[in-house]
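Next come the chains, spelled out residue by residue.
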Amino acid sequence: MTDAAPGAPRQIAVMVRAAGDRLRARIRVPGSKSLTNRHLVIAALADGESRLSGELRSDACDRLVAALAAMGAGFEWDAADPTVLRVRGVAGRPRAAPRVDLGDGGTPPRFMLAVAALASGRTEIDGSERMRERPVDEGDDLLRAIGARAEFPRVPRALPVIIDGPREGESL
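Draft legend 1. Expanded view of the packing of helix α2 (residues 59–70) against helix α3 (residues 107–118). α3 packs onto α2 with a crossing angle of 15° between their chain directions and a minimal axis gap of 11 Å. It follows from the interaxial angle that α2 and α3 lie roughly parallel. Remark: the crossing between α2 and α3 carries right-handed chirality. Contacts between α2 and α3 pair Ala60, Leu64, Ala67 and Leu68 from the former with Pro108, Met112 and Val115 from the latter.

Structural data, given as structure tokens:
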């Protein structure tokens, strides 16, 4: 160990001895929140049942599951393996949900804009106070380009947003 100035980080030297033989190990890499969110949306919009494996459990992913479930998808985590999830999709026809709260996740609100645009009726998408400070410009631009209706009750182009999906007989 070296002497350092007061308040400076301490430095510690560690000696590592090589193992005599080749090292053999299995490492399970944790799931990706970004990929898990994408998998959840695709499986929720699919027709029939999907089996996802290697998925990450996090607050953002769990809130996205809750939002997609409120819009009609079914979810069941495997009791034996917490990274495996069975999803019953809505065949591209989610139902409107009065309000979904996606917390602090940055990606889920953007995905939910598109999902809500497919639902017949109004869905309010919201998040934490921090997420309300972040714009959803690109999502708003996309919704307008495909003819969906978006209402921003607090601040233009920021959460919360109310998406009014296609009315009977309309399509996106």
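Draft legend 2. Main features of the sheet that holds strand β7 (residues 161–164). If you walk across this open sheet you meet the 4 strands as β4-β5-β7-β6, and the pairing is mixed. With one partner strand each, in any of the chains shown, β4 (99–101) and β6 (149–151) form the two edges of the open sheet. Each strand of the sheet is rotated relative to its neighbour by a mean of 25°, with strand direction disregarded. Where β4 meets strand β5 (residues 122–126), 3 bridges bridge the pair, whose relative direction is parallel. When the bridges of β5 are listed, Arg99 appears paired with Glu124. Sheet contacts for α3: β4, β5 and β7; angle to β5, the most-contacted strand, approximately 180°.

Draft legend 3. Structural detail: the pattern of salt bridges. For the structure shown, the criterion picks out 16 salt bridges. Linking Glu138 and Arg110 is a salt bridge whose minimum nitrogen-to-oxygen distance equals 2.6 Å. In this pair, Glu138 sits in helix α5 (residues 137–145) while Arg110 sits in helix α3, placing the two residues 28 residues apart along the sequence. Asp140 serves as the salt-bridge partner of Arg157, at 3.0 Å between the closest nitrogen and oxygen.

Draft legend 4. Spatial organisation of the pairing of strand β1 (residues 49–52). Going residue by residue along β1, you find Ser50 and Leu52 tucked away on one face and Glu49 and Arg51 left uncovered on the opposite face. Relative to strand β3 (residues 85–88), β1 is paired through 4 bridges, and the arrangement is antiparallel. When the sheet's bridge partners are listed, Glu49 is paired in β3 with Arg88.

Draft legend 5. View of unusual backbone geometry. Omega for the bond connecting Leu159 with Pro160 falls within 30 degrees of zero, at -5°, which places this linkage in the cis form. Tracing the chain through its elements places Pro160 in the loop between β6 and β7. With a phi angle near 55°, Ala91 is a residue other than glycine that sits in the positive phi range. Considering the arrangement of structural elements, one finds Ala91 in the loop between β3 and β4. Accessibility expressed as a relative area gives 33% for Ala91, which makes it partly exposed. In this structure, Arg157 takes a positive phi of about 60° despite not being glycine. The topology assignment puts Arg157 in the loop between β6 and β7.

Draft legend 6. Molecular detail of the sheet that holds β3. In spatial order, the strands read β1-β3-β2; together these 3 strands make up an open sheet with antiparallel pairing. The open sheet is flanked by β1 and β2 (74–77), the only strands paired with a single partner. Neighbour-to-neighbour, the strand axes of this sheet turn through a mean angle of 15°, independent of strand direction. Two elements, β2 and β3, share 4 bridges in a ladder whose sense is antiparallel. Pairing of Trp77 across the sheet is with Leu85, part of β3. Each of β1, β2 and β3 is contacted by helix α1 (residues 33–45), which is oriented at about 165° to β1, the strand it contacts most.

Cut-offs applied
Residues numbered from 1 in each chain as written. Predicted model: local features only at pLDDT ≥ 70, side-chain atom pairs only at ≥ 80, totals over all residues. Heavy atoms only, no water. Axes fitted to C-alpha atoms, helices over the stretch in contact; angles between N-to-C directions. Helix = DSSP H or I, 4+ residues; strand = E, 2+ residues; numbered from the N terminus. Parallel < 35°, antiparallel > 145°, perpendicular 65-115°, else oblique. Left-handed = near helix turned anticlockwise from the far one by under 90°. Contact = heavy atoms within 4.5 Å. Pairing = 2+ DSSP bridges. Salt bridge = Lys/Arg side-chain N within 4 Å of Asp/Glu carboxyl O. Buried < 20%, exposed > 50% of the residue type's maximum accessible area, 1.4 Å probe, protein only.

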